[in-house]
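One-letter residues, chain by chain:
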Amino acid sequence: MIVIVGSLIGYVFVSDNMQPNLHKNVDLKIEQIWNHNIGIILLIIFGGIITFGLLSCIILFINGLSFGIVMANLSHHMILFVLVPYATLELSAFLVASLMSFSVSRKIKQALCSRQIGYLYKNLGHEKLFLAIIFILLGLSAILEVYL
């Protein structure tokens, strides 16, 4: 929901002086996009754990806002065939990372309240699956972003 609201605000309220230069030829490499997205994912996960999800929500909103600004400056054809394929995977990875941060922060809170740190170590099974999904989605989105 936060990403959608951010996208709508970015799309509707973009002004002429905020339009990004989308026609600049930039030679992006998969590794550069991968490293950037991994940095964002780590910020979402660890920042979300520390702030109990607040930073994750802020980052998702900002990502949606930038997505809306880019959408406002592209044709419908470019949005459908270039932006949507990789953005869907990338935003899905960001959403899974924010869910992971919510889950881990909830488990940390439960472990601290019950004073059982061993509980935390035993119950981090789903987070490994979350990380695998995140890495697969980010890899595919980086490949699509470079070659589309």
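Refer to the structure presented above.
Since this is a predicted model, take the numbers as computed values, not measurements.

Chemist: Sorry, what's going on with the overall build of the protein here?
Modeler: Counting its regular elements, the protein contains 6 helices and 0 strands. Counting from the amino terminus, helix and strand elements in the protein follow one another as α-α-α-α-α-α. The buried share of the protein, taken over its 148 residues, is 34%. Of the roughly 9,400 Å² that the protein leaves accessible, carbon and sulfur atoms contribute 70%.

Chemist: What's the story with the packing of helix H2 (residues 30-50) against helix H6 (residues 125-147) in this structure? I'm lost.
Modeler: Helix-helix packing: each pair is described by the crossing angle between the helix axes and the interaxial distance. Interaxial distance between H2 and H6 falls to 9 Å at its minimum, and their mutual angle equals 145°. In this structure, H2 crosses over H6, and the sense of that crossing is right-handed. Judged by residue contacts, Ile-30, Ile-33, Trp-34, Asn-37, Ile-38, Ile-41 and Ile-45 of H2 engage Leu-131, Ile-134, Phe-135, Leu-138, Gly-139, Ser-141, Ala-142, Ile-143, Glu-145, Val-146 and Tyr-147 from H6. Of the residues in the contact of H2 with H6, the class split is 14 nonpolar, 3 polar and 1 charged.

Chemist: I would appreciate a short explanation of the environment of Ala-111 in the present structure.
Modeler: Topologically, Ala-111 is positioned in helix H4 (residues 76-114). With a relative accessible area of 1%, Ala-111 lands in the buried category. In the structure, Ala-111 is positioned 12 residues away from Asn-123 in sequence and 9.9 Å away in space, judged by C-alpha atoms.

Chemist: How do you make sense of the pattern of salt bridges when you look at a structure like this?
Modeler: A complete count under the given rule lists 1 salt bridge for this structure. Ionic pairing is found between Lys-107 and Glu-127, a salt bridge with its closest N-O pair at 3.4 Å. Highlighted residues: Lys-107 in helix H4 and Glu-127 in helix H6, separated in sequence by 20 residues. On the basis of relative accessible area, Glu-127 is assigned to the buried category, the value being 4%.

Chemist: Looking at this model, I keep getting lost on the nonpolar core. Mind explaining?
Modeler: Generally speaking, a soluble globular protein has its nonpolar side chains buried in company with each other. Of all hydrophobic cores here, the largest spans 19 residues; its most connected members are Ile-41, Ile-45, Ala-93, Phe-94, Ala-97, Ile-134 and Leu-138. Only H2, helix H3 (54-72), H4 and H6 provide two or more residues apiece to this core. For this core, the leading source of residues is H4, giving 8 residues. Apart from the residues within four sequence positions on either side, Ile-134 is in contact with Ile-41, Ile-45, Ala-93, Val-96, Ala-97 and Met-100. Residues Met-71, Leu-83, Tyr-86 and Ala-87 belong to the second largest nonpolar core, which totals 6 residues.

Chemist: Explanation requested: H3 in the structure shown.
Modeler: For an α-helix, the turn length of 3.6 residues means that residues three or four places apart are oriented alike. The first and last C-alpha atoms of H3 sit 27 Å apart over 19 residues, in line with the 27 Å expected at 1.5 Å per residue. Within H3, burial applies to Ser-56, Ile-59, Leu-60, Asn-63, Gly-64, Phe-67, Gly-68, Ile-69 and Met-71. Of the surrounding secondary structure, the elements contacted by the buried residues of H3 are helix H1 (2-12), H2 and H4.

Chemist: Help me understand unusual backbone geometry, please; the structure alone is not making it clear to me.
Modeler: The backbone phi angle of Phe-52 is positive, close to 55°, even though this residue is not glycine. Note that Phe-52 resides in the loop between H2 and H3. Note on Phe-52: relative accessible area 52%, which makes it exposed.

Chemist: What exactly am I supposed to notice about the environment of Ile-41 here?
Modeler: Its place among the elements puts Ile-41 in helix H2. Separated by 90 residues in sequence, Ile-41 and Leu-131 place their C-alpha atoms 9.8 Å apart. In this view, Ile-41 contacts Ala-93, Phe-94, Ala-97, Ile-134 and Leu-138; residues no more than four positions away in its chain are not counted.

Definitions and cut-offs
Residues numbered from 1 in each chain as written. Predicted model: local features only at pLDDT ≥ 70, side-chain atom pairs only at ≥ 80, totals over all residues. Heavy atoms only, no water. Helix = DSSP H or I, 4+ residues; strand = E, 2+ residues; numbered from the N terminus. Buried < 20%, exposed > 50% of the residue type's maximum accessible area, 1.4 Å probe, protein only. Areas by Shrake-Rupley, 256 points an atom, 1.4 Å probe, with all protein chains shown as cover. Axes fitted to C-alpha atoms, helices over the stretch in contact; angles between N-to-C directions. Left-handed = near helix turned anticlockwise from the far one by under 90°. Contact = heavy atoms within 4.5 Å. Nonpolar A, V, L, I, M, F, W, Y, C, P; charged D, E, K, R; others polar. Salt bridge = Lys/Arg side-chain N within 4 Å of Asp/Glu carboxyl O. Core = buried A, V, L, I, M, F, W, Y, C linked by side-chain atoms within 4.5 Å. Expected span 1.5 Å × (residues − 1).

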